[in-house]
Amino acid sequence: MRTLVQRGFVTEVGHDPGPGQATLYGTTQLFLERIGLDRIEDLPLLGQFVPGGDVVETLERTLLSEGDPRRRTRTAPGRRPRTPPMRRVTKRTTSAAVGAAMRTPTS
């Protein structure tokens, strides 16, 4: 949002009266000119970009039955997911790493 404000594409138009009083932004004439419109009413209706109820219901059923797809790992068929090795960091390993980094080669 900061970039859009800095470039003059949106401007602060008020604050929401609800909790947190979120800042409300509106488009500027410069924004409309850049996208080739004369008036804000020339923007397409948001409903054109929202899927129908049947699509939303299908997505909900699929996500509920399969779980959250973002949490699934992708593996080849017949292979187990690979887990990254755990490395325990102790004071000794940290000190050794710092000491090695601080040593300079002798000539």
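Computed from a predicted structure; not experimentally measured.

What the protein contains, in helices and strands, is 4 helices and 2 strands. Helices (α) and strands (β) of the protein occur, in sequence order from the N terminus, as α-β-β-α-α-α. Going through the 107 residues of the protein one by one, you find that 6% of them count as buried. Of the contacts formed within the protein by residues at least 6 apart in sequence, a portion of 4% connects residues at least 24 apart.

It is worth spelling out a nonpolar patch on the surface at this point. A surface patch of nonpolar side chains, about 340 Å² in accessible area, is lined by Met1, Leu4, Val5 and Tyr25. Look at Tyr25 and you get partly exposed, because its relative accessible area is 35%.

As for its position among the elements, Thr28 is in the loop between strand 2 (23-27) and helix 2 (29-34). Owing to a relative accessible area of 16%, Thr28 belongs among the buried residues under this scheme. When neighbours within four sequence positions are excluded, Thr28 is seen to be in contact with Gly8, Phe9, Val10 and Thr11.

Attention now goes to the confidence of the model for the protein. Looking at the protein as a whole, the pLDDT averages 76, with 62% of positions reaching at least 70. Within the protein, helix 4 (residues 91-102) has the poorest average pLDDT of any element, 49, and strand 1 (residues 10-15) the best, 95. Here residues 93-97 is modelled with pLDDT under 50, and outside its nearest four sequence neighbours on either side it reaches 3 contacts, counting other chains as well.

Here we come to the packing of aromatic side chains. By convention here, two paired aromatic rings are described through the distance between centres and the angle between planes. Throughout the structure, instances matching the rule amount to 1 aromatic pair. Plain terms: the ring middles of Phe9 and Phe31 are 6.4 Å apart, the flat faces sit at 65° to each other, and that makes the pair edge-to-face. A residue pair is termed long-range when its members are at least 10 positions apart, and Phe9 in the loop between helix 1 (2-6) and strand 1 and Phe31 in helix 2 qualify at 22 residues. The exposure class assigned to Phe31 is partly exposed, which follows from its relative accessible area of 24%.

What follows concerns unusual backbone geometry. Even without a glycine there, the phi angle at Gln21 is positive, about 45°. Checked against the element boundaries, Gln21 lands in the loop between strand 1 and strand 2. On the basis of relative accessibility, which here comes to 52%, the residue Gln21 falls in the exposed class.

Turning next to the pattern of salt bridges. All told, the structure shown has 1 salt bridge when counted by the stated rule. In this structure, the salt-bridge partner of Asp42 is Arg39, at a minimum N-O distance of 3.2 Å.

Each value, and the rule that gives it
Residues numbered from 1 in each chain as written. Predicted model: local features only at pLDDT ≥ 70, side-chain atom pairs only at ≥ 80, totals over all residues. Heavy atoms only, no water. Helix = DSSP H or I, 4+ residues; strand = E, 2+ residues; numbered from the N terminus. Buried < 20%, exposed > 50% of the residue type's maximum accessible area, 1.4 Å probe, protein only. Contact = heavy atoms within 4.5 Å. Patch = residues over 30% accessible without salt bridge, like charges linked within 9 Å, V, L, I, M, F, W, Y side chains within 5 Å. Areas by Shrake-Rupley, 256 points an atom, 1.4 Å probe, with all protein chains shown as cover. Salt bridge = Lys/Arg side-chain N within 4 Å of Asp/Glu carboxyl O. pLDDT = per-residue confidence, 0-100. Phe/Tyr/Trp six-rings, centres within 6.5 Å; stacked < 30°, edge-to-face > 60°.

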